[in-house]
Amino acid sequence: MSERKAAIVTGASRGIGRATAVRLAKMGMDIVFTYNSGSEAAEETKALCEAEGARVLAVQADVSKSENCDELVAKTLEFCGRIDVLVNNAGITRDGLIIRMTDEQFDQVIDTNLNGAFYMMRAVSKQMMKQRCGRIINISSVVGVMGNAGQVNYAASKAGIIGMTKSLARELASRKVTVNAIAPGMIATDMTAVMSDKAKEAMKAAIPVGEMGKPEDIAAAVAFLASEDAGYITGQVICVDGGMAI
Ligand code: NAP
């Protein structure tokens, strides 16, 4: 096995995924990351990680397709020979009140956010069990903990991620593989940029620290869970939300 650790980060062409990939590169890991449609943005992420000294492989993959996830893991093993960290970050929203929410809006969010995390966890588990070490870090949401009007699809996917995290943590604990979730609050990325000013102000009012978080705030929590210091933590949900879920 190579001396350098290897991390997979899904959906790292921008936002929280990019900040996470760069942070793990800074920790000395090689990075395999995915993007779905943003090939130019992916090039920027790649350059930022390489500037931290990492070997980097950027892979176009739709995590809602199980074959894409299996191929991604095979490519990672070819490139790095090992998988130390998986960060399931890729996610989408298709918001709407339930009376107007279409089957398609519901299914798209579940397919990407929940099924995608499942396909990736299944694909890396065998390798991590064989290695007898590994860290799986799932990006959930404060919405999965508290719910949010207009987001039954998203809340279902993010609460589902918490259930999968706790279940897999129990399955893999004896193999020294930890599985945890991070529940971000309101983080300034493209995902939240589309909200109206009125909605943003209402959200801000619900944040005890009084301001939105940055992608780097989430990346720092991922870095901790991926570090040696977090080896005895598994099956947990860490809210990084300025106090929203208190
Ligand atoms: P973002 O800026 O919208 O970025 C989403 C990323 O996911 C992009 O890299 C995108 O790739 C990728 N992606 C989307 N669909 C994909 C698919 N089917 N297959 C592979 N990749 C896909 O989002 P973000 O705000 O950074 O959010 C990252 C994660 O944090 C998500 O899971 C989100 O639910 C969660 N989260 C965010 C907030 C927040 O306030 N921002 C709060 C709680 C939780 P392309 O651009 O290449 O298509």
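Right above here is the structure, for reference.
I will try to describe carefully the structure that is included in this document. (Residues numbered from 1 in each chain as written. Predicted model: local features only at pLDDT ≥ 70, side-chain atom pairs only at ≥ 80, totals over all residues. Heavy atoms only, no water.)

**As for the overall build of the protein chain**
Inference 1: In terms of helices and strands, the protein chain carries 9 helices and 7 strands.
Inference 2: For the protein chain, whose C-alpha radius of gyration is 17 Å, the value lies close to the compact-globule estimate of 18 Å for 246 residues.
Inference 3: Projected onto its principal axes, the C-alpha coordinates of the protein chain cover approximately 50 × 35 × 35 Å.
Inference 4: Per-residue burial over the protein chain gives 51% buried out of 246 residues.
Inference 5: For the protein chain, long-range pairs separated by at least 24 residues make up 76% of all intrachain contacts whose partners lie at least 6 apart in sequence.
Inference 6: Carbon and sulfur atoms make up 52% of the accessible area of the protein chain, which amounts to about 11600 Å² in all.
Inference 7: Charge centroids of the protein chain, computed over 27 positive and 28 negative side chains, lie 6 Å from each other. (Helix = DSSP H or I, 4+ residues; strand = E, 2+ residues; numbered from the N terminus. Rg over C-alpha atoms; globule rule 2.2 N^0.38 Å. Buried < 20%, exposed > 50% of the residue type's maximum accessible area, 1.4 Å probe, protein only. Contact = heavy atoms within 4.5 Å. Areas by Shrake-Rupley, 256 points an atom, 1.4 Å probe, with all protein chains shown as cover. Lys, Arg positive; Asp, Glu negative; His and termini not counted. Charge placed at Lys NZ, Arg CZ, Asp CG, Glu CD.)

**A short note on the site of the ligand**
Inference 1: Ser-13, Arg-14, Asn-89, Tyr-154 and Thr-189 are the nearest of the 31 residues found near the ligand.
Inference 2: At 2.8 Å, a side-chain N or O of Ser-37 approaches an oxygen atom of the ligand.
Inference 3: Within the side chain of Asp-62, an N or O atom sits 2.9 Å from a nitrogen atom of the ligand.
Inference 4: Relative to its free-state accessible area of 900 Å², the ligand is covered by the protein chains to the extent of 95%.
Inference 5: Elements that contribute at least two residues to the shell around the ligand include exactly α1 (15–26), α6 (152–172) and α7 (190–193).
Inference 6: Looking at the shell around the ligand, the element that brings in the most residues is α7, giving 3 residues.
Inference 7: Residue classes in the shell around the ligand are distributed as 13 nonpolar, 14 polar and 4 charged. (Near = heavy atom within 4 Å. Polar contact = N/O pair within 3.5 Å; in protein donor to acceptor, adjacent residues only side chain to side chain. Nonpolar A, V, L, I, M, F, W, Y, C, P; charged D, E, K, R; others polar.)

**Description of unusual backbone geometry**
Inference 1: Of note, the phi angle at Arg-132 is positive, near 60°, even though the residue is not glycine.
Inference 2: On the secondary structure map, Arg-132 appears in the loop between α4 (103–131) and β5 (134–139).
Inference 3: For Lys-176, which is not glycine, the phi dihedral falls at a positive 65°.
Inference 4: Note that Lys-176 resides in the loop between α6 and β6 (177–184).

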